[in-house]
Amino acid sequence: MNEVLGTVFIVIGLAFDFFGCLGLVRLPDVYNRLQAATKCVTLGTCGILFGLFLFRGFTAAGLKALLCLIFIILTAPVSAHALARGAYISGVKLWDKSVVDKYGEDISK
Amino acid sequence: MKSKILLFVLGFFVWALLVWPPDIQHIIIGILIAFLVSSITGDLFVKRPSLFTDFKRYLWFGYYVPLFIWECIKANIDVAYRVSHPDVPIKPGIVKVKTNLKSDTGLTFLANSITLTPGTMCVDIDRENGFLYIHWIYVKDKDIEKATKLIVETFENILKRIFE
């Protein structure tokens, strides 16, 4: 039973990882790409790790997978903030068709 | 002092999970390392240890976790829809929203939650005035008040009860 559930979680995780990578290719600028990469790759990888935990249960490998899951959820958004802010400050422009840029207005003041 | 003890317990717990199944050598080394780390950096860990004794905060945290997972799944389906649609329906922009949270942990959790919820990503925080700059993949409203209502309010009220 656990193996079936684990396989389901791993397949769902892989599907979301795939959409994240597709977003990296299809979306126009750094910020939109970071959105796709952060959201999809975080949940996708967590899905895979949780599937591994269901396969192995409370053993050495399973508990390490759970720990990695928690650390990924805590750290992935932080690295996304750092990348987005760093990109903006070092001068990467928003996409041409962006509708509003409040951050630029406030920074240049 | 309380902060050091909390860090010691947490550090030892994580160590125990990492070396599972535990034996006597690993436990002794874990205690030594957790003691060393918590005696050096323990004071930076929690500023107000009294918050940990308030039971209601744990209940609100238990309510926050499923809500966060649900929003996270919605965000992923949203991204999957946008990138697999032939026209890529996006209208991106950086908007500014207000927040009432003040504490470090609260702001960090708010920014992380916003990053993992549908269509929004936190770019920068202005702590003095309580503003967050949010990159929104499909801007519904440029106005500060309305954007605040749409983006921040889901989590702010809960996080205020947990961390403030």
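The coordinates are above.
Residues numbered from 1 in each chain as written. Chains lettered and ligands numbered in written order. Predicted model: local features only at pLDDT ≥ 70, side-chain atom pairs only at ≥ 80, totals over all residues. Heavy atoms only, no water.

Brief notes about the packing of helix H3 (residues 55–84) of chain B against helix H6 (residues 153–163) of chain B
All names here are of chain B. Put simply, the test is: To define axes, lines are fitted to C-alpha atoms, for helices over the stretch in contact only, and angles between the resulting N-to-C directions are given on a 0 to 180 degree scale. In DSSP terms, a helix is any run of H or I states spanning at least four residues, a strand is any run of E spanning at least two, and both are numbered starting from the N terminus. Angle categories are assigned with fixed cut-offs, so that under 35 degrees is roughly parallel, over 145 is roughly antiparallel, 65 to 115 is roughly perpendicular, and the rest are oblique. Crossing handedness follows the turn of the near helix against the far one: under a right angle anticlockwise gives a left-handed crossing, and clockwise gives a right-handed one. Contact criterion: two residues are considered in contact whenever any of their non-hydrogen atoms come within 4.5 Å of each other. The nonpolar class holds Ala, Val, Leu, Ile, Met, Phe, Trp, Tyr, Cys and Pro. Asp, Glu, Lys and Arg form the charged class, and all remaining residues, Gly among them, are polar.
Packing of H3 against H6 leaves a shortest axis separation of 9 Å and a crossing angle of 150°. Put simply, H3 runs roughly antiparallel to H6. The two elements H3 and H6 meet at a crossing, and its hand is left-handed. Contact residues: H3 offers Arg57, Trp60, Phe61, Tyr63, Tyr64, Leu67, Phe68 and Glu71, while H6 offers Thr154, Phe155, Ile158, Leu159, Arg161, Ile162 and Phe163. For the contact of H3 with H6, the class distribution of residues is eleven nonpolar, one polar and three charged.

So, a nonpolar patch on the surface
Condition: Patches were defined on residues exceeding 30% relative accessible area and lacking a salt bridge, with like-charge contacts within 9 Å and nonpolar side-chain contacts (Val, Leu, Ile, Met, Phe, Trp, Tyr) within 5 Å. Only the protein chains shown count as covering a residue, and every accessible area follows the Shrake-Rupley method with a 1.4 Å probe. Take a side-chain nitrogen of Lys or Arg and a carboxyl oxygen of Asp or Glu: if they are within 4 Å of each other, that pair is a salt bridge.
On the surface, Ile24(B), Ile28(B), Ile29(B), Leu32(B), Ile33(B), Leu36(B), Val37(B) and Ile40(B) cluster together to form a nonpolar patch covering roughly 790 Å² of accessible area. Mapped onto the secondary structure, Leu32(B) falls in helix H2 (residues 24–41).

As for the pattern of salt bridges
Residues and elements named next belong to chain B. Condition: Residue burial is assigned from relative accessible area. The probe radius is 1.4 Å, only protein chains are included, and a residue is buried under 20% of its type maximum, exposed over 50%, and partly exposed in between.
Summed over all chains, the structure comprises six salt bridges over all chains. In this structure, the salt-bridge partner of Arg82 is Asp78, at a minimum N-O distance of 3.3 Å. On the criterion of helical spacing, the pair formed by Arg82 and Asp78 is a turn pair, its members being four residues apart in helix H3. Here the two residues Arg82 and Asp78 agree in accessibility, since each one is buried. Two residues, Lys98 and Glu145, come together in a salt bridge whose shortest N-O distance is 3.0 Å. On the criterion of sequence distance, the pair formed by Lys98 in strand S1 (residues 93–98) and Glu145 in helix H5 (residues 144–151) is long-range, its members being 47 residues apart.

Some details on H3(B)
The condition that has to hold: A helix's residues, less one, multiplied by 1.5 Å, set its expected span.
Along its 30 residues, H3(B) runs 45 Å from first to last C-alpha, staying within 8% of the 44 Å computed at 1.5 Å per residue. Those residues of H3(B) that sit buried are Arg57(B), Tyr64(B), Phe68(B), Glu71(B), Cys72(B), Ala75(B), Asn76(B), Asp78(B), Val79(B), Ala80(B), Arg82(B) and Val83(B). Looking at the buried side of H3(B), the elements it contacts are helix H1 (2–26), helix H2 (30–56) and helix H3 (60–89) of chain A together with helix H4 (104–116) and H6 of chain B.

Some thoughts on the interface of chain A and chain B
The line we're drawing: Buried area counts how much accessible surface, traced with a 1.4 Å probe, disappears from two parts once they are put together, with both parts' losses summed. In protein, a polar contact means a hydrogen-donor-capable atom and an acceptor-capable atom, both N or O and within 3.5 Å, with residues adjacent in sequence counting only if both atoms are side-chain atoms; elsewhere, any N or O pair within 3.5 Å suffices.
Between chain A and chain B, the contact holds 42 residues from the first and 43 residues from the second. Roughly 3700 Å² of surface becomes buried between chain A and chain B when both sides are summed, with 71% attributable to carbon and sulfur atoms. Viewed at the interface, chain B and chain A are joined by one salt bridge. Two residues, Arg85(A) and Asp124(B), come together in a salt bridge whose shortest N-O distance is 2.9 Å. Along the contact surface separating chain A from chain B lie eleven residue pairs in polar contact (both at pLDDT 80 or more). Secondary-structure elements contributing two or more residues to the side of chain A that touches chain B are H1, H2, H3 and helix H4 (102–108) of chain A. With 14 residues, the top contributor of residues to the side of chain A that touches chain B is H3(A). Among the residues forming the side of chain A that touches chain B, the class breakdown is 27 nonpolar, eight polar and seven charged.

Remarks on the packing of aromatic side chains
Counted only if it meets this: Classification of ring pairs uses Phe, Tyr and Trp, with its six-membered ring standing for Trp, and accepts pairs whose centres are within 6.5 Å; under 30 degrees between planes counts as stacked, over 60 as edge-to-face, and the remaining range as tilted.
What the rule picks out here adds up to twelve aromatic pairs over all chains. Considering the side-chain rings of Tyr31(A) and Tyr88(A), the 6.1 Å spacing of their centres and the 50° angle between planes classify their relative orientation as tilted. Of the two residues, Tyr31(A) sits in helix H2 while Tyr88(A) sits in helix H3, which places them 57 residues apart along the sequence. Assessed through its relative accessible area of 0%, Tyr31(A) is described here as buried. The interplanar angle of 65° and the centroid separation of 6.3 Å between the aromatic rings of Tyr64(B) and Phe109(B) together place this pair among those described as edge-to-face. Taken together, the residues span a long stretch of sequence, with Tyr64(B) in helix H3 and Phe109(B) in helix H4 at a distance of 45 residues.

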